[in-house]
Amino acid sequence: MSLSRRLFTLMLLVLLGFSLGIFFIQVNNTRDALAERQRVELSNLAQSLSLALVPHVELGDAASAEALIRATVDGGHVRDARLESVAIATPIAFNVVRESLAPQWFRDLIPMPVESASRELPGGWASLGTISLTGESAQGYDQLWQLAKRLALWLLLGGLITLLIASLVMRRLLRPLERLSSRLNEMETQRFDAPLEETSVAELKGITSAVNRLGQRLQTQFEAQAAQLARLQRQA
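Residues numbered from 1 in each chain as written. Predicted model: local features only at pLDDT ≥ 70, side-chain atom pairs only at ≥ 80, totals over all residues. Heavy atoms only, no water.

(A) A look at the nonpolar core. In this structure, Leu53, Ile69, Leu83, Leu121, Ile131 and Leu133 are the most contacted members of the largest nonpolar core, which totals 20 residues. For this core, the elements supplying multiple residues, two or more each, are α1 (3-58), α2 (62-74), β1 (78-85), β2 (92-95), β3 (116-121) and β4 (129-135). Apart from the residues within four sequence positions on either side, Leu53 is in contact with Ala65, Leu68, Ile69, Leu83, Leu121 and Ile131. Within the second largest apolar cluster, 12 residues are counted, among which are Leu34, Ile110, Tyr141 and Leu144. (Core = buried A, V, L, I, M, F, W, Y, C linked by side-chain atoms within 4.5 Å. Buried < 20%, exposed > 50% of the residue type's maximum accessible area, 1.4 Å probe, protein only. Helix = DSSP H or I, 4+ residues; strand = E, 2+ residues; numbered from the N terminus. Contact = heavy atoms within 4.5 Å.)

(B) Local environment of the environment of Leu83. Along the polypeptide, Leu83 turns up in strand β1. Along the sequence, Leu83 and Glu66 sit 17 residues apart, while their C-alpha atoms lie 8.8 Å from each other. Filtering out sequence-adjacent residues up to four positions away, Leu83 remains in contact with Leu53, Val57, Ala65, Ile69, Ile88, Pro91, Ile92, Leu121, Thr130 and Ile131.

(C) Here's a closer look at the sheet that holds β2. The sheet built from 4 strands is open, its strands ordered β2-β1-β4-β3 with antiparallel pairing. Each edge of the sheet is formed by a strand with only one pairing partner; in this case those strands are β2 and β3. For this sheet, the mean inter-axis angle between neighbouring strands, taken without regard to orientation, is 10°. Against the sheet, α2 contacts β1, β2 and β4, and its axis sits at roughly 20° relative to β2. (Pairing = 2+ DSSP bridges. Axes fitted to C-alpha atoms, helices over the stretch in contact; angles between N-to-C directions.)

Pasting the structure below:
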């Protein structure tokens, strides 16, 4: 494998590892932020709902309490809601399953924590009951999936641009080595009259000068040998 291919492969592996690290760090940070926001929203929602249910539960109005809980569940942030109260004979429970747009492999790779909140219904000296809410993860998965797609696209574009620039830079840096190799091949065929151009690469300046000096010495020796051979031929 050539030096340029080795450098390109090494850069590709480094860039791939760097991109994957950024991807998972950003996605995990966003997931934690979404989970924290859901926890706060669910806690506030449970607190507000517990206060809103008090007058209906005190009157034993199960229909009004059920309508209020249904409206809360239909808002999209709650998957399960359950009201248990001594004033209502049968617990009121709702369970709404929403499908996420994120593929299953993505949900398995980056699981979204499910938050829950529970509040008691204040009723003077004693509690009237308990309202329990469980958050819906489908919405969080959808937001996370959209972020992951945008992030992957930007990382891919950035990686391609980086590789293109790196390829051009490596080609320019390796060009003096190619000229050096070509010059050495010419010297094997006794072509010493074409010195190498000076390179801007500091590490190769000494080698370029040494090859040029070697070419000059070989040219001088070759000319001296040719002149000596000509004299011998004339003398013969």
